[in-house]
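A look at the structure
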Amino acid sequence: MSIRPILIIPEPKLRAISRPVEKIDGEIRKLVEDMFETMYDAPGIGLAAIQVGVEKRVVTIDTARDGEDSKPIALINPEIIAASDELSVYSEGCLSIPDFYEEVERPARVAVRFMDLEGKVREVEADGLLATCVQHEIDHLNGVLFIDHLSRLKRDRVIKKFTKQAKREAEG
Ligand code: GNR
Ligand code: NI
């Protein structure tokens, strides 16, 4: 297993639309193992493959809180098949936008269809933090970041700050 570097905005790859996984082989299993290790190390409650530069529709999630038993979930080709009219607001963060948090409103409950690592198609209903996290991760697979749900003013401010920081780092 290895920890892979996490891409930070304004990295253009984060805007890519990830491709469906056609076959669950050793490469996908290794990717999922590395994603869990990278996610726990960060630490984060979710990770999309594109955040480590891999344009595949693969997501890892573990929303267990400190002290709770871990409940790792790997989702291959996840899709939202139903969403509640009721919305809920969470303060979101993203490992690709370090140290920035803002409230985002999304459907409170979603039904998700995905393939597990055995290739079995599953459906789960999610609410609470899991519902928010699944939607945040599926957004990543479509090149969407949580700042895209904020006002243009807030989004542009964040992008500008990280663009300046990247320039400073490139110049040394
Ligand atoms: O670690 C994470 N925490 C989080 C908190 C609220 C809503 C979404 C998230 S996902 C984030 C990790 C991440 O960037 N996943 O893509
Ligand atoms: Ni994220």
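Everything discussed here concerns the structure shown above.
Below you will find a few notes about this structure.

Description of the coordination of the nickel ion (ligand 2)
- Note on the nickel ion (ligand 2): its protein donors are Cys94 (SG), His136 (NE2) and His140 (NE2). The metal-donor distances range over 2.1 to 2.4 Å.
- In the primary sequence, the donor residues of the nickel ion (ligand 2) line up as C-x41-H-x3-H. Taken together, the residues span about one helical turn, with histidine 136 and histidine 140 both in helix 2 (residues 128–141) at a distance of 4 residues.
- By relative accessible area, histidine 136 is classed as buried at 8%.
- Overall, the relative accessible area of 1% leaves histidine 140 in the buried class.

Some words on the packing of aromatic side chains
- The final tally for this structure, using the stated rule, is 2 aromatic pairs.
- With centroids separated by 6.0 Å and ring planes inclined at 20°, the aromatic side chains of phenylalanine 36 and tyrosine 40 adopt a geometry described as stacked. Here phenylalanine 36 and its partner tyrosine 40 are both found in helix 1 (residues 26–41), 4 residues apart, which amounts to about one turn of the helix.
- Taking relative accessible area as the criterion, phenylalanine 36 reaches 14% and is therefore assigned buried.
- What makes tyrosine 40 partly exposed here is its relative accessible area of 40%.

Definitions and cut-offs
- Residues numbered from 1 in each chain as written.
- Chains lettered and ligands numbered in written order.
- Predicted model: local features only at pLDDT ≥ 70, side-chain atom pairs only at ≥ 80, totals over all residues.
- Heavy atoms only, no water.
- Donors = N, O, S within 2.8 Å, 3.2 Å for Na, K, Ca; no water.
- Helix = DSSP H or I, 4+ residues; strand = E, 2+ residues; numbered from the N terminus.
- Buried < 20%, exposed > 50% of the residue type's maximum accessible area, 1.4 Å probe, protein only.
- Phe/Tyr/Trp six-rings, centres within 6.5 Å; stacked < 30°, edge-to-face > 60°.

Treat this as a map of the structure, not an account of what it does.
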